[in-house]
Amino acid sequence: WYHIAIIHHKNRFQSSEARLYVNGEFNSSIKVAYPNPAAGNVHNCTIGTINTQAHTSSQSWLLGPTYLIQEPLPAHAVFVVNLLGPHYFGNFQG
């Protein structure tokens, strides 16, 4: 079991930052441009494979509980979520 968290800190006036955490620990970060919806950019996210692009693969893995949270989590919250483990089924309340 691996816990992976990608946190996007949006910043309107300078570069935004995406941070990667693996098993509750900070791994790396990268600067990213702030999305500009006025420029016609449409943001989509697919978890898994789109049916029209599906193909047989020798790799096999399962995606466990997945959470999409609107606000960026601080590092200590990512650590705590990792400590809760894959069998936690409660609510995350602020």
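Anything mentioned here points back to the structure above.
Throughout what follows, the structure given in this document is the object of discussion. (Residues numbered from 1 in each chain as written. Predicted model: local features only at pLDDT ≥ 70, side-chain atom pairs only at ≥ 80, totals over all residues. Heavy atoms only, no water.)

1. Brief notes about the pairing of strand β2 (residues 16–22)
Here six bridges tie strand β1 (residues 4–9) to β2, and the two strands are oriented antiparallel to one another. The residue bridging I4 from the neighbouring strand is V22, located in β2. One ladder, built from seven bridges, connects β2 with strand β3 (residues 25–32); its direction is antiparallel. When the bridges of β3 are listed, Y21 appears paired with F26. The hairpin turn running from β2 into β3, its antiparallel successor, is two residues long, and N23 in that turn takes a positive phi close to 55°. (Pairing = 2+ DSSP bridges. Helix = DSSP H or I, 4+ residues; strand = E, 2+ residues; numbered from the N terminus.)

2. Notes on the packing of aromatic side chains
Counting across every chain of the model gives one aromatic pair. Seen in terms of ring centroids, Y21 and F26 are 5.7 Å apart; in terms of plane orientation they differ by 70°. Their pairing is edge-to-face. On the basis of relative accessibility, which here comes to 4%, the residue Y21 falls in the buried class. (Phe/Tyr/Trp six-rings, centres within 6.5 Å; stacked < 30°, edge-to-face > 60°. Buried < 20%, exposed > 50% of the residue type's maximum accessible area, 1.4 Å probe, protein only.)

3. Brief notes about the environment of N23
Along the chain, the position of N23 falls in the loop between β2 and β3. In this structure, N23 is in contact with W1, Y2, H3 and N82, ignoring residues within four places of it in sequence. (Contact = heavy atoms within 4.5 Å.)

Everything listed here is a matter of geometry and, on its own, says nothing about what the molecule does.
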